[in-house]
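Descriptive analysis of the structure
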Amino acid sequence: MEFKENFSLKPFNTFGIDVKARYYNSFESQSELEENLQTKNHGQSLLILGGGSNILFTGDVNGLVLKNDIRGIDIITEDEHYVYVKAGAGENWHVFVQYCLQHNLAGVENLSLIPGNVGASPMQNIGAYGVEIKDVFYDLEAYHIKEEKCFTFSLNDCEFGYRDSIFKKRFKDQFVILSVTYCLRKQPIFHTQYGAIEQELVQMGVNKLSIQAISQAVINIRTSKLPDPAVIGNAGSFFKNPSISNEQFSTLKESFPNVVAYPNNDGTFKIAAGWLIEQCGWKGVRRGDAGCHPKQALVLVNYGNATGKKIYALSQEILESVQEKFGIMLEREVNIF
Ligand code: FAD
Ligand code: NAP
């Protein structure tokens, strides 16, 4: 078992932050994971890495970084309405989406082109354009690091919430997700009402709706709006959209009639964090190589050589100014290390 020492993580995080891992290795199976942990995990801090697209490194990792490279996508069973597909945690998420599109399996088309890997999809219950992973989730297998055994988590066990799950809260840093099984529909239910999807479908000249057309529409919108991490380092939305009570919302709307907000099912209102940040004048602002993206204020970017500390400091300034202007405390969505 060969560990790389003082290994640069720059190619392994989409922010492109140049930090080092004291020890680094990858694993392609549960047994390789166990072997890694037995050899090197004595007292070391441990970070499990997927595609590195939801992480901000603020310094070197003085411990062990293990990249999950477990592969494989297999149909395991089907019934009248659903096909159950199991994917290794190390599979690229969009490759999995493409597999579903090729097999005419519906449910993940709105989640096209989200960076990262299958194993992280339940971590924050990834979501986009009105669909979340919980809508297609069946179960997952995860390895308990301390107990050294595997557990199966059902939909209820995962306690999915808005960009949230049990793995970000009570079970944080306790499990390694090995595989996820999704249940995909044989007959699609189309979700096109969200954002610019309908407009894009018209522009594409689509007159017969399909999951492939929706996926292409989502890809077109995303590539036109979001910075490509291969060109400008970023980790997508840096903050979550905050939710506030009905009363707070009424007060806010009196002072800011143009506030961008959406009602939640529980009577609260979700406020577009990008709008709050833009109103505070941050869109396009740069602090050296750390910046707030000129097209999408919710995305913080690394123009080249920003350190994680600089990006974190910028996020803190943004957070404080939103709190001061609107009385709303933003929460970071990106995982800080
Ligand atoms: P990483 O960044 O590698 O890891 C994230 C966290 O999960 C870390 O804490 C890590 O330790 C943990 N982790 C990863 N894999 C495992 C595992 N197998 N077992 C245990 N823990 C693990 N997110 C959305 O929800 N919706 C979007 O639309 C979206 N758009 C994005 C657009 C861009 C341009 C970018 C850069 C990011 C976007 N994201 C979006 C955020 C990100 O892509 C997702 O959160 C993605 O699921 C992260 O996957 P990853 O493999 O890169 O995770
Ligand atoms: P957008 O369409 O400009 O919308 C801005 C915000 O308003 C979004 O954050 C979205 O919330 C919300 N919204 C828009 N239409 C809505 C509706 N009909 N009902 C409820 N809420 C609505 O957003 P965007 O930045 O281009 O992103 C498009 C989608 O991709 C969003 O779902 C977004 O979450 C997702 N995305 C996520 C990341 C990430 O890193 N997490 C990065 C890029 C894009 P929601 O965010 O709750 O959907």
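Computed from a predicted structure; not experimentally measured. (Residues numbered from 1 in each chain as written. Chains lettered and ligands numbered in written order. Predicted model: local features only at pLDDT ≥ 70, side-chain atom pairs only at ≥ 80, totals over all residues. Heavy atoms only, no water.)

Structural notes on helix α7 (residues 308-326)
Here α7 is 19 residues long and its end C-alpha atoms lie 27 Å apart, about the 27 Å a rise of 1.5 Å per residue gives. Looking at the packing, one finds that the buried side of α7 touches β4 (55-56), α5 (246-255), α6 (273-279), β17 (286-287), β18 (290-292) and β19 (299-302). Backbone geometry just after α7 places G327 at a positive phi near 70°. (Helix = DSSP H or I, 4+ residues; strand = E, 2+ residues; numbered from the N terminus. Expected span 1.5 Å × (residues − 1). Contact = heavy atoms within 4.5 Å.)

Topic: the packing of helix α3 (residues 197-204) against helix α4 (residues 211-225)
Viewed as axis vectors pointing N to C, α3 and α4 meet at an angle of 105°, and their least axial separation amounts to 9 Å. Judged by the inter-axis angle, α3 sits roughly perpendicular to α4. Each of I197, E200, L201 and M204 in α3 lies in contact with α4, whose residues at this interface are A213, I214, Q216, A217, V218, N220 and I221. Its residues assigned to classes, the contact of α3 with α4 shows eight nonpolar, two polar and one charged. (Axes fitted to C-alpha atoms, helices over the stretch in contact; angles between N-to-C directions. Parallel < 35°, antiparallel > 145°, perpendicular 65-115°, else oblique. Nonpolar A, V, L, I, M, F, W, Y, C, P; charged D, E, K, R; others polar.)

Digging into the sheet that holds strand β3 (residues 45-49)
Across the sheet, four strands lie side by side as β1-β2-β5-β3; this open sheet has mixed pairing. Among the strands making up the open sheet, the edge pair consists of β1 (4-8) and β3. Across the sheet, the mean angle separating the axes of adjacent strands is 40° when strand polarity is ignored. Here β3 pairs with strand β5 (residues 61-68) via five bridges, running parallel. Bridge pairing in β5 links L47 to V65. The sheet contacts of helix α1 (residues 30-40) involve β2 (20-27), β3 and β5, and relative to β2 the element is tilted by about 150°. (Pairing = 2+ DSSP bridges.)

Side note on the pairing of strand β12 (residues 175-185)
For β12, the tally of buried residues reaches 10 of 11 residues, placing the bulk of the element in the interior. Sheet topology note: the strand β7 (residues 82-88)/β12 ladder contains seven bridges and is antiparallel. Bridging from a neighbouring strand, Y82 pairs with R185 of β12. (Buried < 20%, exposed > 50% of the residue type's maximum accessible area, 1.4 Å probe, protein only.)

Here we look at the site of ligand 1
What surrounds ligand 1 is a group of 33 residues, the closest being I48, G50, G51, S53 and R222. Backbone polar atom of G127 to a nitrogen atom of ligand 1: 2.8 Å apart, as the coordinates give it. Note that a nitrogen atom of ligand 1 is positioned 2.8 Å from one of the backbone N or O atoms of I177. Across the complex, the protein chains shield 93% of the 980 Å² of accessible surface that ligand 1 would expose by itself. For the shell around ligand 1, the secondary-structure elements that each account for two or more residues are β3, β8 (127-128), β12 and β13 (233-237). The residue inventory of the shell around ligand 1, partitioned by class, reads 17 nonpolar, 14 polar and two charged. (Near = heavy atom within 4 Å. Polar contact = N/O pair within 3.5 Å; in protein donor to acceptor, adjacent residues only side chain to side chain. Areas by Shrake-Rupley, 256 points an atom, 1.4 Å probe, with all protein chains shown as cover.)

Here we look at the packing of aromatic side chains
Taken as a whole, this structure holds 23 aromatic pairs when the rule is applied. An angle of 40° between the planes, with centres 6.3 Å apart, marks the rings of F57 and F337 as tilted. Taken together, the positions of F57 in the loop between β4 and β5 and F337 in the segment after β20 (335-336) put the pair 280 residues apart, joining distant regions of the chain. Relative accessible area serves as the criterion here: at 0%, F57 is assigned to the buried category. Taking relative accessible area as the criterion, F337 reaches 34% and is therefore assigned partly exposed. With a centroid separation of 5.7 Å and an interplanar angle of 65°, the aromatic rings of W93 and Y182 are classed as edge-to-face. Of this pair, W93 sits in helix α2 (residues 93-102) while Y182 sits in strand β12, placing them 89 residues apart in sequence. Overall, Y182 belongs to the buried group, its relative accessible area being 0%. One aromatic cluster in this structure is built from F151, F153, F167, F171 and F175. (Phe/Tyr/Trp six-rings, centres within 6.5 Å; stacked < 30°, edge-to-face > 60°.)

Considering the nonpolar core
Core analysis: the biggest nonpolar cluster contains 44 residues, and L9, F57, I271, I277 and I311 have the highest contact counts within it. Ranked by the residues each element gives to this core, the list is headed by α7, at six residues. When residues of this core are sorted by domain, at least three fall in each of domain 1 (4-68) and domain 3 (233-336). The residues contacting I311, other than those within four sequence positions of it, are F15, I17, L56, F238, A290, L300, V301, N302 and A306. (Core = buried A, V, L, I, M, F, W, Y, C linked by side-chain atoms within 4.5 Å. Domains from an automatic or database assignment.)

Overview of the site of ligand 2
Around ligand 2 there are 16 residues in total, and R163, Y194, K270, Q296 and E333 lie nearest to it. Contact between ligand 2 and S237: an oxygen atom at 2.8 Å from a main-chain N or O atom of the residue. Here an oxygen atom of ligand 2 sits 2.9 Å away from a polar atom, N or O, in the side chain of N241. In isolation ligand 2 offers 790 Å² of accessible surface; the protein chains occlude 79% of this area. Of all the secondary-structure elements, those providing two or more residues to the shell around ligand 2 are α4 and β13. Classifying every residue of the shell around ligand 2 by side-chain character gives six nonpolar, five polar and five charged. Each of domain 2 (73-185) and domain 3 (233-336) gives at least three residues to the shell around ligand 2.

Re the sheet that holds strand β11 (residues 149-154)
The five strands lie next to each other as β6-β7-β12-β10-β11, forming an open sheet whose pairing is antiparallel. The open sheet terminates on both sides in strands that have one partner only, identified here as β6 (73-78) and β11. Averaged over all pairs of adjacent strands, the angle between strand axes in this sheet comes to 20°, irrespective of strand direction. Sheet analysis places strand β10 (residues 137-144) next to β11, joined by six bridges and oriented antiparallel. Each residue of the ladder has a partner; that of D139, found in β11, is S154. Those strands touched by α1 are β10, β11 and β12, and its axis lies near 30° from that of β10.

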